[in-house]
Amino acid sequence: MGKDVLKVAAGELGITESPANSNNVKYNTWFYGRAVRDTANTKYPWCMAFVQWCFDQAGCRLPHITASCSNLLSWYRTYQPERVVQDPKPRDIIIYNFGHTG
């Protein structure tokens, strides 16, 4: 059995972007296979890359790999709708209405 996803996530407390406000963080580097930095035309928010990284590090990759919150939610609604719940529990992925995850 894999590691506990919450323990993996908790072990990352304090990790920051370098430089600040650049979205250059190790989770994006892992996801994209290279260091990234926001530009005028390209944004690299990293909340979903972080979630994907945590599940991967715990040994239980998600069934759909994406850096997009809305894309993951759409995939679950289409292919595993029984897993989309209104009352989330610990270890569930929460996707907020404003396009963020945790």
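Residues numbered from 1 in each chain as written. Predicted model: local features only at pLDDT ≥ 70, side-chain atom pairs only at ≥ 80, totals over all residues. Heavy atoms only, no water.

Asks: Looking at this model, I keep getting lost on the environment of Pro45. Mind explaining?
Replies: Among the secondary structure elements, Pro45 is positioned in the loop between helix 2 (26-32) and helix 3 (47-57). Along the backbone, Pro45 and Ser68 are 23 residues apart, and their C-alpha atoms lie at a distance of 8.7 Å. (Helix = DSSP H or I, 4+ residues; strand = E, 2+ residues; numbered from the N terminus.)

Asks: Just to check I follow, could you spell out the packing of aromatic side chains for this structure?
Replies: Note on aromatic pairs: each is described by the distance of the centres and the angle between the planes. Using the criterion set out here, one finds 9 aromatic pairs in the structure. Ring centres of Trp30 and Phe31 lie 6.3 Å apart, and the angle between their planes is 55°; on these two criteria the pair is classed as tilted. What makes Phe31 partly exposed here is its relative accessible area of 23%. Note on Tyr32 and Tyr44: the rings are 5.0 Å apart at their centroids and 80° apart in plane angle, and the pair reads as edge-to-face. Taken together, the residues Tyr32 in helix 2 and Tyr44 in the loop between helix 2 and helix 3 connect sequence positions 12 residues apart. For Tyr44, a relative accessible area of 12% gives the class buried. (Phe/Tyr/Trp six-rings, centres within 6.5 Å; stacked < 30°, edge-to-face > 60°. Buried < 20%, exposed > 50% of the residue type's maximum accessible area, 1.4 Å probe, protein only.)

Asks: Quick question: what am I supposed to make of the pattern of salt bridges here?
Replies: Close approach of charged atoms lets side chains of opposite charge pair. Taken as a whole and judged by the stated rule, the model has 4 salt bridges. Here Asp56 makes a salt bridge to Arg61, at a shortest N to O gap of 3.6 Å. Close ionic contact of Lys89 with Asp87 constitutes a salt bridge, the shortest N to O distance being 3.0 Å. The exposure class of Lys89 is partly exposed, given its relative accessible area of 47%. For Asp87, a relative accessible area of 52% translates into the label exposed. (Salt bridge = Lys/Arg side-chain N within 4 Å of Asp/Glu carboxyl O.)

Asks: Teacher, can you tell me more about helix 4 (residues 69-79) here?
Replies: The α-helix winds at 3.6 residues per turn, so residues separated by three or four positions along the chain end up facing the same way. Among the residues making up helix 4, those that are buried are Cys69, Leu72, Trp75 and Tyr76. For helix 4, the arc enclosing every buried residue in end-on projection is 130°, short of the 170-degree limit, so these residues lie on one face. Across helix 4 from its buried face, at more than 90 degrees, point the exposed residues Ser70, Arg77 and Thr78. Along its buried surface, helix 4 packs onto helix 3. (Arc of directions from axis to C-beta. Contact = heavy atoms within 4.5 Å.)

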